[in-house]
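Summary of the model geometry
Now for the letters of each chain:
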Amino acid sequence: MRRVCFLLKVRQDRIDEYRARHGAVWPEMREALSATGWHNYSLFLRDDGLLVGYLETEDFEAAKAGMEATEVNARWQAEMAPFFESLDGSRPDEAMTPLTEVFHLD
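Residues numbered from 1 in each chain as written. Predicted model: local features only at pLDDT ≥ 70, side-chain atom pairs only at ≥ 80, totals over all residues. Heavy atoms only, no water.

**Here's the deal with the sheet that holds strand S3 (residues 50-57)**
The following threshold applies: Two strands make a pair as long as DSSP finds a minimum of two bridges between them. The way it works is that DSSP assigns letters per residue, a run of H or I at least four long becomes a helix, a run of E at least two long becomes a strand, and they are numbered from the N terminus. Axes here refer to lines fitted to C-alpha atoms; in helices the fit is confined to the stretch in contact. Angles between the N-to-C directions go from 0 to 180 degrees.
With antiparallel pairing, 3 strands are arranged side by side in an open sheet as S1-S3-S2. Either end of the sheet is taken by a strand with one partner, and the two such strands are strand S1 (2-9) and strand S2 (39-45). On average, each strand axis in the sheet is tilted by 15 degrees relative to the strand beside it, whichever way the strands run. Where S2 lies against S3, 5 bridges are found, and the strand directions are antiparallel. The residue of S3 that forms the bridge with His39 is Glu56.

Okay, structure coming up:
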């Protein structure tokens, strides 16, 4: 499994709503993530809006492509896009650029 970590920035004025929305992720979205290879997926949000995403997957590009092919992801991304800063017109899932892992301890 590959460990993937990425950063995004939630708009300061939308942080509370972002937290609330992720407290109630649609069941069909959760099912789609699992079915397309997103495992051990977590999001961490700092008070200034820095969002850290972490997941494990066999193939990150295939996992992203699998989600892109789902209708539920299109609806979710459209609803989430206004929550983020500096996406330059990209959907949030298109802005997930993996960070380089520099250390790991099993």
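From this point, things continue past the structure.
**Brief notes about the layout of surface pockets**
Inclusion rule: Both site types are read off a 1 Å grid over the protein atoms alone. A 1.4 Å probe that fits but cannot get out defines a cavity, while an open set with protein on both sides within 12 Å along at least five of seven lines defines a pocket; lining residues have an atom within 4 Å of a point. Grid points are joined across faces, edges and corners, and a volume is the space filled by probe spheres set on the points. Just so you know the grouping, Ala, Val, Leu, Ile, Met, Phe, Trp, Tyr, Cys and Pro go in nonpolar, Asp, Glu, Lys and Arg go in charged, and all remaining residues, Gly too, go in polar.
Considering only enclosed or pocket space, the largest pocket measures out at about 480 Å³ in volume. Taken together, 26 residues make up the lining of the largest pocket; nearest its centre are His22, Val25, Leu33, Tyr41 and Leu43. At the level of secondary structure, the elements contributing two or more residues to the lining of the largest pocket comprise S1, helix H1 (15-22), helix H2 (27-35), S2, helix H3 (60-68) and helix H4 (71-80). Per-element accounting of the lining of the largest pocket gives the leading share, 5 residues, to S2. When the residues that make up the lining of the largest pocket are grouped by side-chain class, the tally is 16 nonpolar, 7 polar and 3 charged. Approximately 150 Å³ is the volume attributed to the second largest pocket. Around the second largest pocket sit Arg2, Arg3, Val4, Cys5, Tyr54, Leu99, Thr100 and Glu101, which together line it. For the lining of the second largest pocket, the leading source of residues is S1, giving 4 residues. Here the residues of the lining of the second largest pocket are counted per class, giving 4 nonpolar, 1 polar and 3 charged.

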